[in-house]
Amino acid sequence: MSTQTKADIEEKLYLNHYTVDTQSHLSIKEQSVCAACQRKICLTICPAKVYEIRDGETSISYEGCLECGACRITCPHSNIEWTLPRGGFGIQYRLA
Amino acid sequence: MSEKFDAIVVGAGVSGLAAAYVMATNGLNVAIIERGRKPGAKNVMGGVLYRKMMEEIIPEFWKEAPLERPIIEQNFWLLDHNSVVKTGYRGMEWADMPHNNYTVFRGKFDQWFAEKCVQAGALLINETAVKHCIVKDGRVIGVETDRPEGDLYADAVILADGVNSLLAKELGLHTEWRKDEVALAVMEVLKLSADKIEERFHLNRGMGATIELFGDGTDGMVGTAYVYTNQNHISIGCGALLSQMSERTTTPYELLERFKQHPMIKPLIEGAEPCEYYAHLIPEGGYRSVPPLVRDGVLVVGDAAQLVNGIHREGSNLAMTSGRFAAETVIRAKEANRFDRQTLSHYERLVRESFIMKDLKKYKTASKTLEDNPDYFHHYLPAVNDAMKEMFTVDGVSKSEKQKKIIKRFLRNKSVLGAARDGIKLLWAVK
Ligand SMILES: Cc1cc2nc3c(=O)[nH]c(=O)nc-3n(C[C@H](O)[C@H](O)[C@H](O)COP(=O)(O)OP(=O)(O)OC[C@H]3O[C@@H](n4cnc5c(N)ncnc54)[C@H](O)[C@@H]3O)c2cc1C
Ligand code: SF4
Ligand code: SF4
């Protein structure tokens, strides 16, 4: 993915208001499953670019999560532990 | 807090608020639990709100609710790479009160609606997520929240927790949605002055328009892109079946950027300032994906029950009406003091006999027909654009020559019979 789109998405997320928790509401069940995963759909399906590969592992920038649920449904190995942020935390939309 | 309520509503979206309002105004002791800092904080809609269904809950709500613009024109565009075929309807009867529908911001609308529920006597508990339903002897008797000592009890629990509905999943009412049962939508709200909006969309002061786009707005995937006018903002977004979206390497935000840059769209939003960026799933499974709607002590409403008519971008109205039906059922159950599945199945009956199930049934094959026949988007839609170009281009070629050329284009690599069959299938699915 080009750095252009990375900048684009960061700019978009910057528009939003979040109450960021200190703990992640998302986690990878087994990094070894990710390592063997061919498609790595999470990298492209996530509209907030939460997932990235860092040092050979799937890393999660949960702070920008829009809580859509797409990653949970598309991960071909059901390898994402997907929960809701604690009450009052996460994305807080103001308009639409 | 281990107080007992007549009913607990999980989720302050339009379905939950409709349910809470109807129950509270009928004297029931109701608690609404919402995980956002305020109602609407987690909710996303284009969004067009339909007057009729809202008015069945709060008559003349339009006199006080925060609304953006009454819609007087609805457009459908068939978008190709560098061209578009436009249809639509503008009716000045829609400019008069009471209007047909309105654009709204859910961030404002849900907050107002929740305030009405509180005025009617409901207890609103924000910033609280429900972790599990409390089940005893197979019957839902309350909810466990993420607050300390946060168990709450009730005769009936209404799950209005939206498309992801982890709670309905946990109860086994539905398993995980398949990728072709939901669409992923991304959207932005852009700031643009009322004057500019009215000039660009040819609107009288305060009036609104919507554009629904098929084809290039979703890069040929089954779904729609849309542009809606608000008072001082434009809502712009696109969404497609998750099954198709996940086959692409294009990210959802690249798809949205591409749409914003489209030559047919760019002039409409030129100079508009992005304010907020959204992503949300839309239930698209339709009739066949609707789970069982009740169990002992529990009812499921709105998106949590897949009650969305995707072909007509109707969701909020089905959500509200299902919430109202659930409330009427709980009021009835309270009179009989019975909250078992059989008593609550009255709600299922109301949903089945209303426009909700009738419409879902009517369009049950629409999304599948489109998904199974990529030619509609990849072949016929560009062909319609070409046909219009051909007929409008004055180049000395006779009109009958042009018509022959158009037919040939439509039939490229197809038999007449095959094309007719495609046409009939589509008509049958979306008529
Ligand atoms: C991009 C987009 C555009 C749309 N456009 C339109 C349109 O133009 N017109 C239209 O009619 N419909 C439209 N829809 C559909 C419409 O938005 C939905 O059908 C409608 O919002 C469903 O209402 P709901 O109350 O069932 O769910 P939601 O509005 O999703 O509400 C669910 C609520 O439950 C809360 N919640 C979830 N889990 C918990 C928990 N465990 N504990 C506490 N609270 C919880 C959430 O925070 C949320 O407030 C659109 C949808 C999308 C995504
Ligand atoms: S798609 Fe699932 S298994 Fe594959 S890399 Fe992403 S999280 Fe891991
Ligand atoms: S829920 Fe949506 S935004 Fe959050 S990580 Fe998953 S795909 Fe990304």
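How each quantity is defined
For every chain, the first residue of the written sequence is number 1, and numbering continues from 1 along that sequence. As a convention, the first chain written is A and the first ligand written is 1, with the rest following in written order. Selection of residues for local features in this predicted model requires a pLDDT of at least 70, selection of side-chain atom pairs for listing and counting requires 80 or more, and totals for whole chains, interfaces and linings are taken over all residues. Note that water and hydrogens are dropped before the side-chain values are worked out from all heavy atoms of the structure. Secondary structure counts use DSSP, requiring at least four H or I residues in a row for a helix and at least two E residues in a row for a strand, with both numbered from the N terminus. Only C-alpha atoms enter the radius of gyration, while the globule expectation follows 2.2 Å times N to the 0.38, with N the number of residues. Burial classes follow relative accessibility: with a 1.4 Å probe on protein chains only, a residue under 20% of its type's maximum area counts as buried, one over 50% as exposed, and anything between as partly exposed. In what follows, residue pairs with any heavy atoms lying within 4.5 Å of each other are defined as contacts. For the area figures, the Shrake-Rupley method with a 1.4 Å probe applies, and any residue is considered shielded solely by the protein chains shown. The sign given to each residue is positive for Lys and Arg and negative for Asp and Glu; His and the chain ends receive no count. The atoms used to mark charge sites are NZ of Lys, CZ of Arg, CG of Asp and CD of Glu. Being near a molecule or strand, for a residue, comes down to having at least one heavy atom within 4 Å of it. For cavity detection a 1 Å grid was placed over the protein atoms alone, and a set of points counts as a cavity when a 1.4 Å probe fits there but cannot get out; an open set counts as a pocket when protein lies on both sides within 12 Å along at least five of seven lines, with lining residues being those that have an atom within 4 Å of a point. For this analysis, a molecule is said to be in a pocket or cavity if more than half of its atoms are within 2 Å of the grid points defining it. Residue polarity is assigned by list, with Asp, Glu, Lys and Arg as charged and Ala, Val, Leu, Ile, Met, Phe, Trp, Tyr, Cys and Pro as nonpolar; anything else, Gly included, falls into the polar class. Identification of polar contacts relies on pairs of N or O atoms within 3.5 Å, with a donor-acceptor requirement for protein atoms, meaning one able to donate a hydrogen and the other able to accept it, and with residues adjacent in sequence counted only if both atoms are side-chain atoms. Grid points are joined across faces, edges and corners, and a volume is the space filled by probe spheres set on the points. Here the quantity called buried area is the total loss of accessible area, with a 1.4 Å probe, experienced by two parts when brought into contact, counted for both. Salt bridges, as used here, are contacts in which a Lys or Arg side-chain nitrogen is within 4 Å of a carboxyl oxygen on Asp or Glu. Strands were regarded as paired on the criterion that DSSP finds at least two bridges between them. A clockwise path from the first strand over the helix to the second, with the strands pointing away from the viewer, defines a right-handed crossover.

**Details of the overall build of chain A**
Then comes step 1: Scanning chain A from terminus to terminus reveals 4 helices and 6 strands.
Then comes step 2: In sequence order, chain A lays out its α and β elements as α-β-β-α-α-β-β-α-β-β.
Then comes step 3: The C-alpha atoms of chain A give a radius of gyration of 13 Å, which matches the 12 Å a tight globule of 96 residues would have.
Then comes step 4: If one aligns the C-alpha atoms of chain A with their principal axes, the spans along those axes are about 40 × 35 × 25 Å.
Then comes step 5: Looking at chain A as a whole, 53% of its 96 residues are labelled buried.
Then comes step 6: For chain A, the proportion of contacts with a sequence separation of at least 24, taken over those separated by at least 6, is 70%.
Then comes step 7: Split by element, the accessible area of chain A, about 4,600 Å² in all, is 51% carbon and sulfur.
Then comes step 8: The distance from the centre of the 10 positive side-chain charges to the centre of the 11 negative ones in chain A is 5 Å.

**Some details on the site of ligand 3**
Residue and element names in this part refer to chain A.
Then comes step 1: If you check the shell around ligand 3, you find Leu26, Cys46, Pro47, Val50, Tyr51, Cys65, Leu66, Glu67, Cys68, Gly69, Cys71 and Trp82 and nothing else.
Then comes step 2: Judged by its atoms lying within 2 Å of the grid points, ligand 3 is housed in the second largest cavity.
Then comes step 3: Its residues placed into classes, the shell around ligand 3 shows 10 nonpolar, 1 polar and 1 charged.

**A word on the environment of Glu68(B)**
All names here are of chain B.
Then comes step 1: Mapped onto the elements of the fold, Glu68 is located in the loop between α2 (51-55) and β4 (71-79).
Then comes step 2: Under the relative-accessibility criterion, Glu68 is labelled buried at 13%.
Then comes step 3: When the C-alpha positions of Glu68 and His233 are compared, they lie 9.0 Å apart, and in sequence the two are 165 residues distant.
Then comes step 4: The contact partners of Glu68, leaving out residues within four places of it in the chain, are Thr103, Val104, Phe105, Lys108, Asn230, Gln231 and Asn232.
Then comes step 5: Among the polar contacts listed, one links the side chain of Glu68 to the backbone nitrogen of Gln231, at a separation of 2.8 Å.

**A short note on empty space enclosed by the protein**
Residue and element names in this part refer to chain A.
Then comes step 1: As enumerated under the stated definition, the model contains 3 cavities of 30 Å³ or more in all.
Then comes step 2: Quantified by volume, the largest cavity comes out at close to 120 Å³.
Then comes step 3: Lining the largest cavity we find 13 residues, and of these Cys34, Cys37, Lys40, Cys42 and Cys75 sit closest to its centre.
Then comes step 4: Of all the elements in the fold, those that place two or more residues in the lining of the largest cavity are α2 (31-36) and α3 (41-45).
Then comes step 5: Classifying every residue of the lining of the largest cavity by side-chain character gives 9 nonpolar, 3 polar and 1 charged.

**Regarding the interface of chain B and chain A**
Then comes step 1: At the junction of the two partners, chain B supplies 53 residues and chain A supplies 39 residues.
Then comes step 2: With both sides pooled, the region where chain B packs onto chain A buries about 3,700 Å², and carbon together with sulfur makes up 58% of that total.
Then comes step 3: Put simply, Glu188(B) and Lys12(A) hold a salt bridge, and the shortest N to O gap is 2.4 Å.
Then comes step 4: Those elements that place two or more of their residues in the side of chain B that touches chain A are α3 (106-119), α4 (166-170), β11 (182-191), α6 (242-245), α7 (252-261) and β15 (273-283) of chain B.

**Considering the pairing of strand β1 (residues 4-10) of chain B**
All names here are of chain B.
Then comes step 1: Counting buried residues in β1 gives 6 out of 7 residues, a clear majority hidden from the surface.
Then comes step 2: Sheet topology note: the β1/strand β10 (residues 151-159) ladder contains 6 bridges and is parallel. Within β10, the position partnered with Phe5 by the bridge is Ala154.
Then comes step 3: Bridge count between β1 and strand β2 (residues 30-33): 4 bridges; the pairing is parallel. In the strand pairing of β2, Val10 is matched with Ile33.
Then comes step 4: Each parallel crossover has a hand, and for β1 linked through helix α1 (residues 14-25) to β2 it is right-handed.

**Section: the environment of Glu212(B)**
Then comes step 1: Along the chain, the position of Glu212(B) falls in strand β12 (residues 208-215).
Then comes step 2: With 105 residues separating them in the primary sequence, Glu212(B) and Gly107(B) have C-alpha atoms 22 Å apart.

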